[in-house]
Protein chains: 2
Amino acid sequence: MTEYPVRVIGRVESSLTDPAAAPRQADEGAPDAWLVFDDRYAPALQGLAPGTDVLLLTWLDRAERDTLTVHPRGDATRPRAGVFATRSPDRPNPIGLHQVHILTIAGTRVHVRHLEALDATPILDVKPLLTPDR
Amino acid sequence: MTEYPVRVIGRVESSLTDPAAAPRQADEGAPDAWLVFDDRYAPALQGLAPGTDVLLLTWLDRAERDTLTVHPRGDATRPRAGVFATRSPDRPNPIGLHQVHILTIAGTRVHVRHLEALDATPILDVKPLLTPDR
């Protein structure tokens with residue numbers, strides 16, 4: 001099995017600490033949070049702007065990587081689906097994808113609105129939004 | 001530096017083989033391509049449907065991981081920006097994010113429209129689209 005190493009470039013600082021209490025989607029009551037990047041990545045943040053939305057990629061380090069099917073939203077009354085057809089954190093590569101709104105930027109600390117990631121979740125990447133028309 | 005191993009769960013089969021000739025965005029002439037998953041991940045594909053769009057995550061294995069700033073779109077007349085504000089493949093974790101339209105599914109082979117990834121690019125994950133309203 002071929003593998004590549006992903007580097008943790010920062011961490012989420014959030015009031016969300018209990019996986020069982022975490023909202024499943026950002027629009028279900030996720031709190032504002034800080035993205036705290038390692039100082040070495042400061043140059044890579046140039047051009048990010050408060051008031052804009054970006055995509056945040058995280059590593060869901062508390063996920064199960066051998067799970068291939070799940071009951072959607074953990075509801076056992078719903079038929080199992082393949083994890084690639086769901087947003088389950090449990091999947092072979094537990095990469096979280098979050099659209100976040102940047103509130104403020106202070107050095108290598110970025111304050112964002114409504115992030116459904118647990119405190120200390122590793123950050124992998126930040127990207128511009130996909131263009132709506134592909 | 002903390003690292004985690006990502007697993008290659010499949011590969012792109014594409015007529016795109018020359019990085020220099022590859023389109024920078026899917027809407028700039030990218031060809032249709034096949035996503036070929038390892039057989040062991042067949043259960044994880046259940047629920048994917050032809051005629052729908054999904055997000056594809058790839059590992060851009062020919063990217064430079066120590067690049068932190070770039071001239072956008074490789075245009076030296078444009079001022080440098082941090083890679084997190086651009087779609088440059090060169091970035092600390094070269095994870096490609098592509099919205100693709102599923103044409104057909106044959107076992108663990110998924111045919112998709114307009115994919116700007118090179119032949120043999122490793123596949124990491126498939127996810128539903130982000131909901132438009134967050």
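So, how was this worked out
- Residues numbered from 1 in each chain as written.
- Chains lettered and ligands numbered in written order.
- Predicted model: local features only at pLDDT ≥ 70, side-chain atom pairs only at ≥ 80, totals over all residues.
- Heavy atoms only, no water.
- Helix = DSSP H or I, 4+ residues; strand = E, 2+ residues; numbered from the N terminus.
- Rg over C-alpha atoms; globule rule 2.2 N^0.38 Å.
- Buried < 20%, exposed > 50% of the residue type's maximum accessible area, 1.4 Å probe, protein only.
- Contact = heavy atoms within 4.5 Å.
- Areas by Shrake-Rupley, 256 points an atom, 1.4 Å probe, with all protein chains shown as cover.
- Lys, Arg positive; Asp, Glu negative; His and termini not counted.
- Charge placed at Lys NZ, Arg CZ, Asp CG, Glu CD.
- Phe/Tyr/Trp six-rings, centres within 6.5 Å; stacked < 30°, edge-to-face > 60°.
- Lys NZ or Arg CZ within 6 Å of the ring centre and 35° of its normal.
- Least-squares fit on C-alpha atoms with pLDDT ≥ 70 in both.
- Polar contact = N/O pair within 3.5 Å; in protein donor to acceptor, adjacent residues only side chain to side chain.
- pLDDT = per-residue confidence, 0-100.
- Pairing = 2+ DSSP bridges.
- Axes fitted to C-alpha atoms, helices over the stretch in contact; angles between N-to-C directions.

1. Quick notes on the overall build of chain A
In terms of regular secondary structure, chain A is built from zero helices and nine strands. Each helix and strand of chain A, placed in order from N terminus to C terminus, yields the pattern β-β-β-β-β-β-β-β-β. In summary, chain A has a C-alpha radius of gyration of 16 Å against a globular reference of 14 Å for 134 residues, a match within 12%. The dimensions of chain A, computed from C-alpha atoms along their principal axes, are 45 × 35 × 35 Å. Scored against the burial criterion, the 134 residues of chain A give a buried share of 49%. Within chain A, counting contacts between residues at least 6 apart in sequence, those at least 24 apart form 74% of the total. When the accessible surface of chain A is totalled, it reaches about 6000 Å², and 51% of it is carbon and sulfur. Once the 15 positive and 18 negative side-chain charges of chain A are each reduced to a mean point, those two points are 3 Å apart.

2. Concerning the environment of Leu103(A)
Residues and elements named next belong to chain A. Secondary-structure assignment places Leu103 in strand S7 (residues 95–106). By relative accessible area, which is 26% here, Leu103 ends up partly exposed. Considered as a pair, Leu103 and His114 are eleven residues apart in the sequence and their alpha carbons are 10 Å apart. When sequence neighbours within four positions are dropped, the list of residues in contact with Leu103 reads Asp32, Pro50, His111, Val112 and Arg113.

3. Re the packing of aromatic side chains
One pass over the full model with this rule turns up four aromatic pairs over all chains. Relative to Phe84(B), the ring of Phe37(A) lies with its centre 5.9 Å away and its plane at 35°, an arrangement referred to as tilted. Remark: Phe84(B) occurs in the loop between strand S6 (81–82) and strand S7 (95–106) and Phe37(A) occurs in strand S3 (residues 33–37); the pair is interchain, linking two chains. Here Phe37(A) matches Phe84(B) in class, with each residue buried. Positioned over the ring face of Trp34(A) is Arg109(A), at 4.8 Å from the centre of the ring.

4. What about the relation of the copies chain B and chain A?
For the pair chain B and chain A, the relating rotation is 180°, the translation along its axis is 0.0 Å, and the fit reaches an RMSD of 0.0 Å. Here the symmetry operator amounts to a two-fold rotation axis. In terms of C-alpha distance to the rotation axis, chain B has Pro5(B) as its closest residue, with the C-alpha 2.2 Å off the axis. Here 100% of the contact residues of chain B are again contact residues in chain A; the copies associate through an equivalent surface.

5. What to know about unusual backbone geometry
For Arg73(A), which is not glycine, the phi torsion reads 55° and is therefore positive. As for its placement among the helices and strands, Arg73(A) is situated in the loop between strand S5 (69–70) and strand S6 (81–82).

6. A few points about the side chain of Ser14(B)
All names here are of chain B. Residue position: Ser14 is located in the loop between strand S2 (10–13) and strand S3 (33–37). Classification of Ser14 by relative accessible area gives buried; the value is 12%. Of the polar contacts made by the side chain of Ser14, one reaches the backbone nitrogen of Leu16; its length is 3.0 Å.

7. Remarks on the confidence of the model for chain A
Parts of the prediction with low pLDDT should not have their coordinates interpreted in detail. Summarising the model, chain A shows a mean pLDDT of 93, and 93% of its residues fall at 70 or more. This complex was scored by the predictor with a pTM of 0.93 and an ipTM of 0.93.

8. Quick look at the sheet that holds strand S4 (residues 53–59) of chain B
Residues and elements named next belong to chain B. If you walk around this closed barrel you meet the six strands as S2-S3-S8-S7-S4-S9, and the pairing is antiparallel. With direction set aside, neighbouring strand axes in the sheet form an average angle of 45°. By the bridge criterion, two bridges tie S2 to strand S9 (residues 122–127) in an arrangement that is antiparallel. Across the sheet, Arg11 pairs through a bridge with Pro122, a residue of S9.

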